[in-house]
Amino acid sequence: MINDLWYKNAVIYCLSVETFMDANGDGVGDFQGLMRRLDYLAGLGVTALWLMPFQRSPGRDDGYDVSDYYAVDPRYGTLGDFVEFTHAAKQRGLRVLIDLVVNHTSDQHPWFQSARQDPASPYRDWYVWSDKKPKNADKGMVFPGVQETTWTWDDKAGAFYFHRFYDFQPDLNTANPLVQAEILKIMGFWIQLGVSGFRMDAAPFVISAKGPDVGDEPALDYDMLRTFREFLQWRQGDAIVLCEANVLPDTDMDYFGDDGERMQMMFNFQVNQNLFYALASADTRPLAKALKATAKKSSTGQWGMFLRNHDELDLGRLADDQRQTVFQAFGPDPGMQLYDRGIRRRLAPMLEGGQRRLELAYSLLFTMPGTPVIRYGDEIGMGDDLSLPERNCARTPMQWSGEPQGGFTKSDKPVLPVIADGPYGFGHVNAAEQRRQPGSLLNWTERIIRMRKEVPEIGWGTFEVLRLRDPAVLAVRYAWRRNHVLCVHNLSHAPREVSIDVGLGDEDGRLLVNLLGDEHSRADERGRHTLLLEAYGYRWYRIGGLDYLLRRSEI
Ligand code: BGC
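Residues numbered from 1 in each chain as written. Predicted model: local features only at pLDDT ≥ 70, side-chain atom pairs only at ≥ 80, totals over all residues. Heavy atoms only, no water.

A.B. asks: An account of the sheet that holds strand β24 (residues 538–543) is requested, with residue identities and associated values reported.
C.D. replies: The strand order across the open sheet formed by six strands is β17-β18-β19-β24-β21-β22, and the pairing between neighbours is antiparallel. Edge positions in the sheet fall to β17 (462–465) and β22 (521–522), since each has one partner strand and no second. Strand direction decides the pairing type here: strand β19 (residues 483–490) and β24, joined by six bridges, are antiparallel. What sits directly across from Val485, in β24, is Arg542. Contacting β18 (473–480), β19 and β24, helix α14 (residues 355–367) runs over the sheet at an angle of about 35 degrees to β24. (Pairing = 2+ DSSP bridges. Helix = DSSP H or I, 4+ residues; strand = E, 2+ residues; numbered from the N terminus. Contact = heavy atoms within 4.5 Å. Axes fitted to C-alpha atoms, helices over the stretch in contact; angles between N-to-C directions.)

A.B. asks: Give a detailed account of the pattern of salt bridges, specifying residues and quantitative values.
C.D. replies: Close approach of charged atoms allows side chains with opposite charge to pair. One pass over the structure, following the stated rule, counts 32 salt bridges. Across the salt bridge formed by Asp99 and Arg199, the nearest N and O atoms sit 2.7 Å from each other. One end of the pair, Asp99, is in strand β5 (residues 95–100); the other, Arg199, is in strand β9 (residues 197–200), with 100 residues separating them in the sequence. Like Arg199, Asp99 is buried. The partner of Arg539 in a salt bridge is Glu534, with the nearest N and O atoms 2.9 Å apart. Look at Glu534 and you get partly exposed, because its relative accessible area is 31%. (Salt bridge = Lys/Arg side-chain N within 4 Å of Asp/Glu carboxyl O. Buried < 20%, exposed > 50% of the residue type's maximum accessible area, 1.4 Å probe, protein only.)

A.B. asks: Hey, could you go over the site of the ligand for me, with residue numbers and the actual values?
C.D. replies: In the neighbourhood of the ligand, the contacting residues comprise Asp61, Tyr64, His104, Phe143, Phe165, Arg199, Asp201, Glu244, His310, Asp311, Arg391 and Arg395. Take Glu244: an N or O atom from its side chain is 2.7 Å from an oxygen atom of the ligand. Note that an oxygen atom of the ligand is positioned 2.9 Å from one of the side-chain N or O atoms of His310. Burial of the ligand by the surrounding chains reaches 96%, relative to a free accessible area of 310 Å². Taken together, the residues that form the shell around the ligand break down as three nonpolar, two polar and seven charged. (Near = heavy atom within 4 Å. Polar contact = N/O pair within 3.5 Å; in protein donor to acceptor, adjacent residues only side chain to side chain. Areas by Shrake-Rupley, 256 points an atom, 1.4 Å probe, with all protein chains shown as cover. Nonpolar A, V, L, I, M, F, W, Y, C, P; charged D, E, K, R; others polar.)

A.B. asks: Describe unusual backbone geometry, with residues and values.
C.D. replies: In this model, Glu390 sits at a positive phi of 40 degrees, which is unusual for a non-glycine residue. Mapping Glu390 onto the fold places it in the loop between β16 (371–375) and α15 (431–436). A positive phi angle, close to 55 degrees, is found at Tyr536, a residue other than glycine. Judged by relative accessible area, which is 16%, Tyr536 ranks as buried.

A.B. asks: With reference to specific residues and values, describe the packing of helix α10 (residues 269–281) against helix α12 (residues 320–330).
C.D. replies: Between two packed helices, the angle of one axis relative to the other and the distance separating the axes together describe the packing. Close contact between α10 and α12 brings their axes to 9 Å; oriented N to C, the two are set at 60 degrees. When the axes of α10 and α12 are compared, the pair comes out oblique. Note on packing geometry: the crossing formed by α10 with α12 is left-handed. Residues Phe276, Tyr277, Leu279, Ala280 and Ser281 of α10 form the contact with α12, whose participating residues are Gln322, Thr325, Val326, Ala329 and Phe330. Taken together, the residues of the contact of α10 with α12 break down into seven nonpolar, three polar and no charged. (Parallel < 35°, antiparallel > 145°, perpendicular 65-115°, else oblique. Left-handed = near helix turned anticlockwise from the far one by under 90°.)

So this is what it looks like as structure tokens:
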């Protein structure tokens, strides 16, 4: 069995087929269009793609409401196109992950339609029902302010059904063995068509007890995760699940499994929220704490590190005053905020577009101990359209060029409006132009990805946050197979000088070789390095000098 831990040192690029590239000119992105852009993605240097849902769907939650798990939505192409795509990705060394949305289906799914029409339907028990409105029906909504309840009356069924998300997304009764068997079948199907794994949507809800009598703290069946993993590994040894689980650090190991018998990857929401707090406040201490709190993972486990994704930036796990600090800095208008807990903007406008600060944010992301996950458009600093509802503001089509509709489509009716005006309009922000400018964010991103791949210590190694006097500066040292790397970030808008003891205590710590520039550092007689970092400055150093290549080849 192949058991390649490829995801430990991967760079994942997340995209929505719908808004990436339209080849047939109907205004909707499609697999043919995506295929035409694979060379761009390979050139950028990413190693895996994560595709948001593209299965058949009424599209009321951007595809997170699936009505057929075994079909490509006809707007994006056919299963044939999908297989062409996974083949073309493979030829370029790109792995493909896809969303696995099995906490709920669309209310249009034939299973739900059958279940609601007849209490004797074989699918009745695939969903979660109650004759009476449960006491906690107005609790636990994922989209507060938009969603009013978690239990909705269905006339046809003559019962209430449970939905953790919108009312058109009835929850599957995931405790039902038949539902579990179907989930495995879905995974097996897409594995056979060439994918390397899944991003499991809403994982804590998938494994949660569901029903009218379940209280506010439902029991979680973590062992279900082991059955998913076992199945996958038996089918294809290198296939993985990347869990979307915004949970507290003390349950992380329940998801990874003490012996790594559960999920291979989890998104690190703890680090994500504290990273934004650090960017907003120039105080890196809570981020350092979050890094330490999530340092533990199984030996085969890995964190997915990210800045922004397709949802709101959820700040729900920060203390109230910290959350207010981030709101003030990055989303002061109520219209920029969402669901009482987050900010719905894209990264570039949040950071006010300055490339230096964007570089700092991305350099931080790429040096967080885990696997970086970036989002389409962020490599060129795309903006958002706050006139669009909820999370759609940050889901506008990719801006390829200065041509009409940003080169996304030949149609004048794109599926979501392309950003045309203002500083983030496609006339100013597009891939074609940035390709031609050596110092553009696009070319910077390509270079930093190349360097990230050459520093496997970050993905594979252990790390230590070094103690510094200045909370605006974060210094992290990574170790793997006798190699050491040091990354230093200044989150302040002012220059900072720091004195660092890299802590290796021998000759090794005397020389820091700058991996991104030519100003190296030699320790003073006390063994300390004095580093001057410009505003939002960042440095990546290999500790121990120029013979590292030699030493790596000894291994
Ligand atoms: C996804 C959201 C989606 C929700 C319901 C999430 O956690 O990331 O985009 O709306 O699940 O499927």
